[in-house]
Amino acid sequence: MSQLFSPLTVRETTFRNRLWVSPMCMYSAEDGVVNDWHHVHLAQFASGGAGLVMSEAAAVSPEGRISPRDAGIWNDAQRDAWAEVVAAIHARGALAAVQLAHAGRKGSTWWPFADAEGSVPIEEGGWPTVAPSPVAFDGYAVPQELDEAGIAQVISDFRAAARRALDAGFDVVEVHAAHGYLLHEFLSPLSNQRTDGWGGSPEARARLLLEVVRAVRAEVGDGVPVFVRFSATDWAPGGLEVEDVATAATWAHEAGADLFDISTGGLVRHQRIEPGPGYQVPHAARIRELTGLPTAAVGIITSGEQAEEVLAEGAADAVFAGREFLRDPHFALRAAAELGEPADALWPPQYLRAHRERVAARR
């Protein structure tokens, strides 16, 4: 058996394989409530053999959304809509994860296929954004600096969202601390200019993330895996580097996190990235090496052989893919065929004839 299609157990949860679907925003919710689009979109990846299907970023509060069309999990109507999506994923043999998120200073923006760019005006459905410091993301509105009460509310919102996620049936909870959103903003000295107990030193800048992880762990109990998505580098002078994030990951593990989903960038517009196949994998490998903790790799992974190589080289314990699943919702089934895996158990019974005919034709 390939490593990619071997099971992985985290706490009390066993994943049927290690090829997982990344969170990808669809900007198609209404008042934070997911709908038929999300149901079909996410369930198809489970039919396609993925071991874990992760939701798009689900905002923990209305002001935590990236855009007015983001999904949320701050009320019971949203929880109930998610429950139907989770049931569809489970019915097709995969596990379901939710990514809990707060957009911070990158909130209240137009969605990518809108006819406008930048911050959404208040009179057009936007809202005031918040951040560790009143420093804008280039081209967006200046955020309000969170005070102590606001920070306490963020922690409470993450905890309440974790409870709704469990009630909706999610198997895994991921805390989003990457891509320039609120928890990442607190972590990085480029966006956190505070001098109180929530800024300055690396420990103080990591404090909000750690409080959120502790709150989520307390809410979900001992058996549920908690992931954290990190940007391993800001790709900008003076920003976070992989060693800084490895230290934060160690602290997050002590606070209750189990596995680290390693991406990069997103904090500042002047970042300098040269993307290419597997370009973020070395960061997952380095954090795994420095911490001895499980990681998942992501970043232009497009074939079974490439994903298998990531695991075989010890760079990560699992692989996330995003756009390749959009191009081919059955990417996991294709990857299994590329690696010569029997994979009958991954195929929906309704599709099994097609699989067996292809296998027979190759003999």
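Structure's up top.
The present account deals with the structure reproduced in this document. (Residues numbered from 1 in each chain as written. Predicted model: local features only at pLDDT ≥ 70, side-chain atom pairs only at ≥ 80, totals over all residues. Heavy atoms only, no water.)

Some words on the pairing of strand S4 (residues 52–59)
Along S4, eight of the eight residues are buried, which leaves the element largely enclosed by surrounding structure. Of the strand pairs in this sheet, strand S3 (residues 19–21) and S4 are connected by two bridges, and their pairing is parallel. Counted as the bridge partner of Val 21 is Val 53 from S4. Bridge count between S4 and strand S5 (residues 95–101): six bridges; the pairing is parallel. Counted as the bridge partner of Ala 58 is Leu 100 from S5. (Buried < 20%, exposed > 50% of the residue type's maximum accessible area, 1.4 Å probe, protein only. Helix = DSSP H or I, 4+ residues; strand = E, 2+ residues; numbered from the N terminus. Pairing = 2+ DSSP bridges.)

Quick notes on the packing of aromatic side chains
The full count for this structure, using the stated rule, is ten aromatic pairs. Site record: aromatic cluster; members linked through ring pairs are Phe 15, Trp 20, Phe 227 and Phe 320. The residue whose ring lies beneath Lys 106 is Phe 137, and the NZ or CZ to ring-centre distance is 4.9 Å. In this structure, Arg 207 is placed above the aromatic ring of Trp 198, and the distance from its NZ or CZ to the ring centre is 3.7 Å. (Phe/Tyr/Trp six-rings, centres within 6.5 Å; stacked < 30°, edge-to-face > 60°. Lys NZ or Arg CZ within 6 Å of the ring centre and 35° of its normal.)

Points about the nonpolar core
Core analysis: the largest hydrophobic core is formed by 93 residues, its most contacted members being Trp 82 and Phe 230. Once you skip the residues sitting within four places of it in the chain, Trp 82 turns out to touch Val 34, Leu 42, Ser 55, Glu 56, Ala 58, Ala 71, Gly 72, Ile 73, Ala 168 and Phe 170. The next biggest cluster of nonpolar side chains, apart from the first, holds 15 residues, and it includes Leu 52, Ala 296, Ala 318 and Phe 320. (Core = buried A, V, L, I, M, F, W, Y, C linked by side-chain atoms within 4.5 Å. Contact = heavy atoms within 4.5 Å.)

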